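Breakdown of the fold
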Amino acid sequence: MLPSDFIEYTSSLFGEERWMRYLRAFSEPVPVSIRLNPFKQPAGGVMPCGDVIAERVPWCTTGYYLSERPNFTLDPLLHAGGYYVQEASSMFLDEVLRQHARDISGTALDLCAAPGGKSTLLRAALPPDVVLYSNEPDRRRANILMENMQKQGCPNVVVTNNLPRDYRRSKMAFDLVLCDVPCSGEGMFRKDEGAIGEWSVQNVMKCRDLQRSIVEDIWPCLKFGALMVYSTCTFNTRENEENVRWITEELGAELLPVCISDEWGITGSLLEGWDAPVYRFIPGIAKGEGLFMAVMRKTDGEVLKNPKPALNVLHSSLTMPQGTQKGKDVIPAHVEALMTCLQKDKYPVVELSLDDALHYLRREAITLPADTPRGFIVVTYQGLPLGFVKNIGNRANNLYPQEWRIKQNI
């Protein structure tokens, strides 16, 4: 049951036709979609989730809708970083970056990045020499973010666990900042009943104030001419159009248009008297869940100088990962196996069957071919590395991270 205050406000905001289409969407299946990792594709041109690929997401070059939801947990290609399960509306960021960030250089920041969907998209879409800082203020969620960024396996990524004001204190300056800010989550109502229970008018206003505080903290970290992408997964204008207007008027930003197709079903500004280039996805109208996005260029305001980074770095691929000394051995860092820049022929490689790959991912024993050399081995599935084992002859020690192991029965 939708909250009465939400119904009253949102039905008026949408208008009758949009509102009725939105309500009908609650009786329709929620679209399932994945985004391929262009840096990691299976051997032989096999498409991940190939049997259930239905159609391409039109605003993302590597996004696909699925005809049904497979058991992703039991697909080794997911754990190898071959693809990411991501809601299709969020992939609109790919279109934004292709239109406005093709020539960007320097550094980019995803400020509120967990669990990693938009960060992995940023890393795939931005030029390879751009250094991406992927940040999450909540430590538990930051660990999930780190896992997903490591599985993507790309260089030039730094995962941090900091508050926005910590970045301001660091005096770092970025060429692009994504502010996918915490919000009231109205766009989650169709697939998360908990989001309905947590919604209130008071929470909407609390989120609006928090969002402005986050943007205000990070604004000095944008260089002049740099881009900010502001997004939420909610519908109301208080957290969306009104905040974007506030950014343009109070902080100094120019709104940038994004070329879109009418067939995509994207809704523009719903703030009366403010016809600005902003982009809203409404279930039942666009094929996806709730998303609001705006693109801005910094034209005014403070820019910090003389950076003195003092950030809580959880992971950095700017240097090759260091192994762990254990007795006479140096056990290689698991992330080394997942990196796309892994030096070829550094370790012997053994290809696993589906059953053996799942046993490995459950951190169970696997049997290697008799002619496998002793020492550290990279095990793969369909050509994509899953991690390390140590072959000691009569058995192989499974070195998959304990905290990553899958617990679902095969």
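Here is a short report on the structure shown in this document. Given the structure is predicted, the values throughout are model-derived calculations rather than measurements.

Bringing the nonpolar core into the picture now. If you look at the biggest cluster of nonpolar residues, it comprises 41 residues, and the most contacted ones within it are Trp-59, Phe-92, Leu-93, Leu-97, Leu-122, Leu-126 and Leu-176. Among the secondary structure elements, those contributing two or more residues to this core are helix 4 (92-100), helix 5 (117-125), helix 6 (139-152), strand 7 (157-160), strand 8 (174-180), strand 9 (222-232), strand 11 (279-281) and strand 12 (291-298). In this structure Trp-59 touches Tyr-65, Ala-88, Ser-89, Met-91, Phe-92, Asp-94, Glu-95, Arg-98, Trp-264, Phe-281 and Lys-287, once residues within four positions along its chain are discounted. Core analysis: the next-biggest nonpolar cluster, separate from the first, contains 36 residues, Leu-111, Cys-112, Met-172 and Ile-218 among them.

A word on unusual backbone geometry. Here the amide bond leading from Ala-114 into Pro-115 is cis, since omega sits at 5 degrees, within 30 degrees of zero. Positionally, Pro-115 belongs in the loop between strand 5 (107-110) and helix 5. Positioned with a positive phi, Asn-156 is a non-glycine residue whose angle comes to about 65 degrees. Here Asn-156 is to be found in the loop between helix 6 and strand 7. One non-glycine residue, Arg-363, adopts positive backbone phi at about 65 degrees. Note on placement: Arg-363 falls in the loop between helix 12 (354-361) and strand 17 (375-381). Among the residues examined, Arg-363 registers a relative accessible area of 35% and is labelled partly exposed.

Taken together, the side chains of Met-20, Leu-23 and Phe-26 present a nonpolar region at the surface, about 220 Å² in accessible area. Structurally, Leu-23 is set in helix 2 (residues 16-25).

Below, the discussion takes up the sheet that holds strand 3 (residues 63-66). To summarise the sheet geometry, strands pair through backbone hydrogen bonds and adopt either a parallel or an antiparallel arrangement. The four strands lie next to each other as 2-3-1-4, forming an open sheet whose pairing is antiparallel. For this open sheet the edge positions go to strand 2 (53-56) and strand 4 (83-85), each flanked by a neighbour on one side alone. Taking each pair of neighbouring strands and ignoring which way they run, the sheet shows an average axis angle of 35 degrees. In this structure, strand 2 lies alongside strand 3, joined through three bridges in antiparallel fashion. Its bridge partner lying in strand 3, Arg-56 is registered against Tyr-64.

Of the two faces of strand 3, the one holding Gly-63 and Tyr-65 and the one holding Tyr-64 and Leu-66 are both buried throughout. Bridging between strand 1 (residues 32-36) and strand 3 involves four bridges; their strand directions are antiparallel. Bridge assignment links Ile-34 to a residue of strand 3, and that residue is Tyr-64. Taking the residues that link successive antiparallel strands as the turn, the strand 2-strand 3 hairpin has six residues.

What follows deals with the sheet that holds strand 17. The strand order across the open sheet formed by four strands is 16-17-18-19, and the pairing between neighbours is mixed. Two strands in the sheet have a free side with no partner beyond their single neighbour: strand 16 (349-351) and strand 19 (396-398). Across the sheet, the mean angle separating the axes of adjacent strands is 40 degrees when strand polarity is ignored. Pairing between strand 18 (residues 384-391) and strand 19: three bridges, direction antiparallel.

Cut-off values and rules
Residues numbered from 1 in each chain as written. Predicted model: local features only at pLDDT ≥ 70, side-chain atom pairs only at ≥ 80, totals over all residues. Heavy atoms only, no water. Core = buried A, V, L, I, M, F, W, Y, C linked by side-chain atoms within 4.5 Å. Buried < 20%, exposed > 50% of the residue type's maximum accessible area, 1.4 Å probe, protein only. Helix = DSSP H or I, 4+ residues; strand = E, 2+ residues; numbered from the N terminus. Contact = heavy atoms within 4.5 Å. Patch = residues over 30% accessible without salt bridge, like charges linked within 9 Å, V, L, I, M, F, W, Y side chains within 5 Å. Areas by Shrake-Rupley, 256 points an atom, 1.4 Å probe, with all protein chains shown as cover. Salt bridge = Lys/Arg side-chain N within 4 Å of Asp/Glu carboxyl O. Pairing = 2+ DSSP bridges. Axes fitted to C-alpha atoms, helices over the stretch in contact; angles between N-to-C directions.

Read these as layout, nothing more, since geometry by itself doesn't imply function.
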